[in-house]
Each structure stands twice: as C-alpha cells, then as structure tokens.
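What follows is each chain in one-letter form.
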Amino acid sequence: GDSVTQMEGPVTLSEEAFLTINCTYTATGYPSLFWYVQYPGEGLQLLLKATKADDKGSNKGFEATYRKETTSFHLEKGSVQVSDSAVYFCALSHNTGNQFYFGTGTSLTVIP
Amino acid sequence: EAGVVQSPRYKIIEKKQPVAFWCNPISGHNTLYWYLQNLGQGPELLIRYENEEAVDDSQLPKDRFSAERLKGVDSTLKIQPAELGDSAVYLCASSLGGFGNTGELFFGEGSRLTVL
C-alpha cells in the first residue's frame, strides 16, 4: 500500500543553519505530495505541495522538489529561524478517493 | 473565514466512561476526516465522510467508536467505553473533496483525550 517514510528526529539546529528533512514515498501512479507543519499548540497546516514530477513547492523560504526517479520529496530551507521550530509531516494523496497518508513527523528545534 | 473548529480542546476521563468530540468543518467543504494522532506519530485516518456518507471507516474500531455527520456538515466522534490506550489527540480535517481534487486538508486544533 501507499506509505510515506521521513527521517526521524528530533533535529536541533542553530539559527541560520541549513535544513534538510528527508521524505520518501511508496505509491502507485502519480500521487500529490505535501509538507504539513504543526507549530506548538496548533493544528497541522499546509506548508507546501507539488502535484506532479519535477514540480517544486515553496513557501516561507522552504522548498521541496517532487523527484519521481528517487520517489522523494525532501524539505529544505537555507537559513532556519527560531520561529521555524515545529513538527514537520510529509504526506501524499491520490486524486482518486481523497486519501491522505502521513509520515511520522520530524520535530525541529532551532536555537538562537 | 472561520477554520475547522473542534471541541473540547482537552478532555480527561476515567476508563470505561464515554466521551464525544465535535467538529465543525469549513463552510462548503464536502469531505470531512477524523484522524487519530498518537504522541510522536503522524495522523492516522479513522473515518472519512463525503457529505453525510462514511466512505472509508475501515480503521475505525467499531466495537467502541462511532461517528456521525448529520446533514453533511458538523460531525461527532464518540468513544464508549474509553480505554487507557485511547489517550491521544483526535484531529478533524476538511477539504473541498471531489474527484480530481488534490487540494489541501484544513485541520482543527485537535481534541486531546487523557484516559485515567
């Protein structure tokens, strides 16, 4: 079945460091890929998405590229801030059935 | 525009007691989801509604869990009786739904259940 695997945390970085959170997926066909973020005490919210191979999603300085050849959707940011401290979830969905599959989440803490 | 609203935010009960969670999705969103989120884990689907019809409830433990979505708007998730292992966060989400829609899910803040 469909699934998402993301790197385990927690991840601790200093402010302005480079961030990569790995995400790989298993799916039939051509799913859409997402990164959701959950800030402390809040619900999950969409950070970025990509709907087809080679698409790049971007938002708030974060980027991720849909790589079908490696079945990956790694999240990157060139310079993290303290306010980026949160839990990040990789997810996929198919446009048939509105089914979403989430990874286990990666906790990021950015220290000043 | 109001987001997905859930209540209560927190609930503490003793085992074997019943509990209910309520969700009001974003207006116009046909698809409603209930997810279970255990500590350190990602959301796991319990049930998905398309309007008032439950189209995927394969992961809902039907011996103790029930859900309804009357009139295709608000939804209630009930647990009776609750067990210690039910302690988790219960997330509600909604989306526009529909075939071909790969749009985002909008989540509520969740209802955190503690069973003592």
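Predicted model only: the values in this text are computed from it and were never measured.

Here we take up the overall build of chain B. Scanning chain B from terminus to terminus reveals 0 helices and 11 strands. Tracing chain B from N to C terminus, the helices and strands come up as β-β-β-β-β-β-β-β-β-β-β. Over its C-alpha trace chain B gives a radius of gyration of 14 Å, about what one expects of a compact globule, namely 13 Å for 116 residues. C-alpha atoms of chain B, sized along the principal axes, occupy 40 × 25 × 25 Å. For chain B, the residues scored as buried account for 47% of the 116 residues in total. Once local pairs closer than 6 in sequence are excluded, the contacts in chain B between residues at least 24 apart make up 54%. The distance from the centre of the 11 positive side-chain charges to the centre of the 15 negative ones in chain B is 7 Å.

On to the pairing of strand 9 (residues 88-95) of chain B. Consecutive side chains of a regular strand alternate in pointing toward one face of the sheet and then the other. Residue and element names in this part refer to chain B. Of all 8 residues making up strand 9, 8 are buried, and the element is well covered by its neighbours. Across the two faces of strand 9 the burial is the same, with Ala88, Tyr90, Cys92 and Ser94 and Val89, Leu91, Ala93 and Ser95 all buried. Two strands pair when backbone bridges link them, and strand 9 and strand 11 (residues 111-115) are joined in this way by 3 bridges, in the antiparallel orientation. Considered in strand 11, the bridge of Val89 is made with Arg112. Across 2 bridges, the pairing between strand 9 and strand 10 (residues 106-107) is antiparallel. Within the sheet, the bridge partner assigned to Ala93 lies in strand 10 and is Phe107.

Glancing now at the state of the cysteines. All names here are of chain A. One pass over the full model with this rule turns up 2 disulfides over all chains. The disulfide partner of Cys23 is Cys90, and the gap between their sulfur atoms is 1.9 Å. One quick way to see it: the torsion about the S-S bond of Cys23 and Cys90 is about -70°, and its sign makes the bridge left-handed. In this pair, Cys23 sits in strand 4 (residues 23-26) while Cys90 sits in strand 10 (residues 86-93), placing the two residues 67 residues apart along the sequence. Overall, the relative accessible area of 0% leaves Cys23 in the buried class.

Bringing the sheet that holds strand 3 (residues 19-21) of chain A into the picture now. Across a sheet, strands are paired by hydrogen bonds formed along the backbone, either parallel or antiparallel in direction. All names here are of chain A. Read across the open sheet, the 4 strands follow the order 3-9-8-7; overall the sheet is antiparallel. What marks the edges here is a single partner per strand, and that holds for strand 3 and strand 7 (56-59). Sheet twist, expressed as the average angle between the axes of neighbouring strands with direction ignored, equals 15°. Inspection of the sheet shows strand 7 paired to strand 8 (residues 62-65) by 4 bridges, in the antiparallel sense. Counted as the bridge partner of Ser58 is Glu63 from strand 8.

Cut-offs and rules
In every chain, residue numbers begin from 1 and rise along the written sequence. All chains are assigned letters beginning at A, and all ligands numbers beginning at 1, according to the order in which they are written. Where local features are concerned, this predicted model is filtered to residues with pLDDT of at least 70; where side-chain atom pairs are given and counted, the filter is 80 or more; whole-chain, interface and lining totals use all residues. Computation of side-chain values: all heavy atoms of the structure, hydrogens and water removed. Starting at the N terminus, helices and strands are each numbered in turn, a helix being any DSSP run of H or I of at least four residues and a strand any DSSP run of E of at least two. C-alpha atoms define the radius of gyration, and 2.2 Å times the number of residues to the power 0.38 defines the globule rule. Partly exposed describes any residue whose relative accessible area lies between the buried limit of under 20% and the exposed limit of over 50%, with all areas from a 1.4 Å probe on protein chains only and scaled to the type maximum. Contact between two residues is taken to exist if any of their heavy atoms lie within 4.5 Å; hydrogens are not considered. Under this rule, positive means Lys or Arg and negative means Asp or Glu; His and the chain ends count for nothing. Positions of charges follow a simple convention, taking NZ of Lys, CZ of Arg, CG of Asp or CD of Glu. Note on pairing: two strands pair once DSSP finds at least 2 bridges between them. Two cysteine sulfurs form a disulfide in these notes if their separation is within 2.5 Å. Axis definition: a line fitted to C-alpha atoms, over the contacting stretch in the case of helices. Angles run 0 to 180 degrees between N-to-C directions.

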